[in-house]
Amino acid sequence: MVLEICVDSLESARAAQSGGAQRIELCSSLLEGGITPSSGLIGAVRESLSIPVVAIVRPRGGDFYYSAEEFAVIKRDVAAARSQGANGVALGVLLQDGRVDVERTRELVELARPMEVTFHRAIDWAPQMEEALEQVIETGADRILTSGGAQTAMKGIDRIAHIVARADGRIGVMVCGTVRKENIGEIARRTNASEFHASLRKATRSAVTYSNRVLSLSEPVLDEFALYAVAAEDVRALRDALETVQDRVLARTSPPR
């Protein structure tokens, strides 16, 4: 069973690896759901880690229907991720009606090789997930990332189980959506999934001692000095919970001696 941790900094990437993650998804601006990280960040993380690094390729927040100009940016970012040594990219392109843009996604998959390609949670915005699954399979992508079209994996657990069964090994299915140590066992048991994605960031205190409290560079107004990072101990706790599930599965399936 594979645990992927979503991170947006070098510090968090190192903590994820230290805690036992087997892969990271590298993003920027997680407040927008994650957009493409800089080439500098991708390169620095790749040099620092021994586990696979998947870079999200998403040129902006919002929907997943992209203009010709935005699609050209996506292609540049896929090439940049590969040049910086990323092991994979996570991306998703939809049509205006929410269905998977098979033609353009296939073009990106071919451009990305030999990197792996994850079709990210754009699939959860498709009107028919079963149809979307088949369309993503057509593109040649390696896996999908999904919460079953629900806000959390627990709320979408039955749909996830259905998608895993329907995929039947033709494509990987990675579960996301508030996956935590308290629920990962139930999610694994009820869905038969073997890949799990989590964002375990929590607020940390900035070392800066002064800030202009009447000024904000963001809209809506946010605390510019709030820092969010992944802690190795949180990743380890989630990894331990997943290993417990894995041990139980192996015990059930191992032949008697």
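The structure displayed is predicted, hence computed values, not measured ones. (Residues numbered from 1 in each chain as written. Predicted model: local features only at pLDDT ≥ 70, side-chain atom pairs only at ≥ 80, totals over all residues. Heavy atoms only, no water.)

Okay, the overall build of the protein chain next. On a plain count of helices and strands, the protein chain comes out with 8 helices and 10 strands. Here the protein chain has a C-alpha radius of gyration of 19 Å; the compact-globule value for 257 residues is 18 Å, and the two agree. Considered along the principal axes of its C-alpha atoms, the protein chain spans approximately 65 × 45 × 35 Å. Each of the 257 residues in the protein chain was classed as buried or not, and the buried ones make up 47%. By sequence separation, contacts in the protein chain at least 24 residues apart represent 67% of the contacts at least 6 residues apart. Total accessible area on the protein chain is roughly 12800 Å²; 49% of this is exposed by carbon and sulfur atoms. (Helix = DSSP H or I, 4+ residues; strand = E, 2+ residues; numbered from the N terminus. Rg over C-alpha atoms; globule rule 2.2 N^0.38 Å. Buried < 20%, exposed > 50% of the residue type's maximum accessible area, 1.4 Å probe, protein only. Contact = heavy atoms within 4.5 Å. Areas by Shrake-Rupley, 256 points an atom, 1.4 Å probe, with all protein chains shown as cover.)

This part takes up the packing of helix 6 (residues 157-167) against helix 7 (residues 184-191). Where helix 6 meets helix 7, the closest approach of the two axes is 8 Å, and the angle between their N-to-C directions is 45 degrees. By the angle class used here, helix 6 and helix 7 are oblique. Crossing handedness for the pair helix 6 and helix 7: right-handed. Contacts between helix 6 and helix 7 involve Ile157, Asp158, Ile160, Ala161 and Val164 from the first element and Glu186, Ile187, Arg190 and Thr191 from the second. For the contact of helix 6 with helix 7, the per-class residue count stands at 5 nonpolar, 1 polar and 3 charged. (Axes fitted to C-alpha atoms, helices over the stretch in contact; angles between N-to-C directions. Parallel < 35°, antiparallel > 145°, perpendicular 65-115°, else oblique. Left-handed = near helix turned anticlockwise from the far one by under 90°. Nonpolar A, V, L, I, M, F, W, Y, C, P; charged D, E, K, R; others polar.)

Side chains of strand 7 (residues 172-175) alternate between two faces, with Gly172 and Met174 and Val173 and Val175 buried alike. As paired elements, strand 6 (residues 143-146) and strand 7 share 4 bridges and run parallel to each other. The residue of strand 7 that forms the bridge with Thr146 is Val175. For the crossover from strand 6 across helix 6 to strand 7, the handedness is right-handed. As paired elements, strand 7 and strand 8 (residues 195-198) share 2 bridges and run parallel to each other. (Pairing = 2+ DSSP bridges. Right-handed = clockwise from strand over helix to strand, strands pointing away.)

We now examine the side chain of Thr191. Within the secondary structure layout, Thr191 lies in helix 7. There is a polar contact of 2.6 Å between the side chain of Thr191 and the backbone oxygen of Ile187. Side-chain polar atoms of Thr191 contact the backbone nitrogen of Ala193, separated by 3.1 Å. Apart from residues no more than four positions distant in its own chain, Thr191 is found in contact with Ile157, Ile160, Ala161 and Val164. (Polar contact = N/O pair within 3.5 Å; in protein donor to acceptor, adjacent residues only side chain to side chain.)

Every buried residue of helix 2 (residues 39-48) is listed here: Leu41, Ile42, Gly43, Val45 and Arg46. Where helix 2 is buried, its residues touch helix 1 (10-19), strand 2 (23-26), strand 3 (53-56) and helix 3 (68-83).

In this section: the packing of helix 5 (residues 129-139) against helix 6. One way to put it is that helix 5 packs onto helix 6 with a least axis distance of 11 Å and a crossing angle of 35 degrees. Seen along the crossing, helix 5 lies across helix 6 with a hand that is right-handed. Facing helix 5, whose interface residues are Met129, Glu130, Leu133 and Glu134, helix 6 presents Arg159, His162, Ile163, Arg166 and Ala167. Its residues placed into classes, the contact of helix 5 with helix 6 shows 4 nonpolar, 1 polar and 4 charged.

The biggest cluster of nonpolar side chains holds 67 residues, and the ones touching the most others in it are Ile5, Ile24 and Ile144. Ignoring any residue separated from it by four or fewer positions in sequence, one finds Ile24 in contact with Glu4, Ile5, Val7, Ala13, Ala16, Val45, Leu49, Ile51, Pro52, Val53 and Val54. Of all hydrophobic cores here, the second largest spans 6 residues; its members include Cys6, Cys27, Val54 and Ile56. (Core = buried A, V, L, I, M, F, W, Y, C linked by side-chain atoms within 4.5 Å.)

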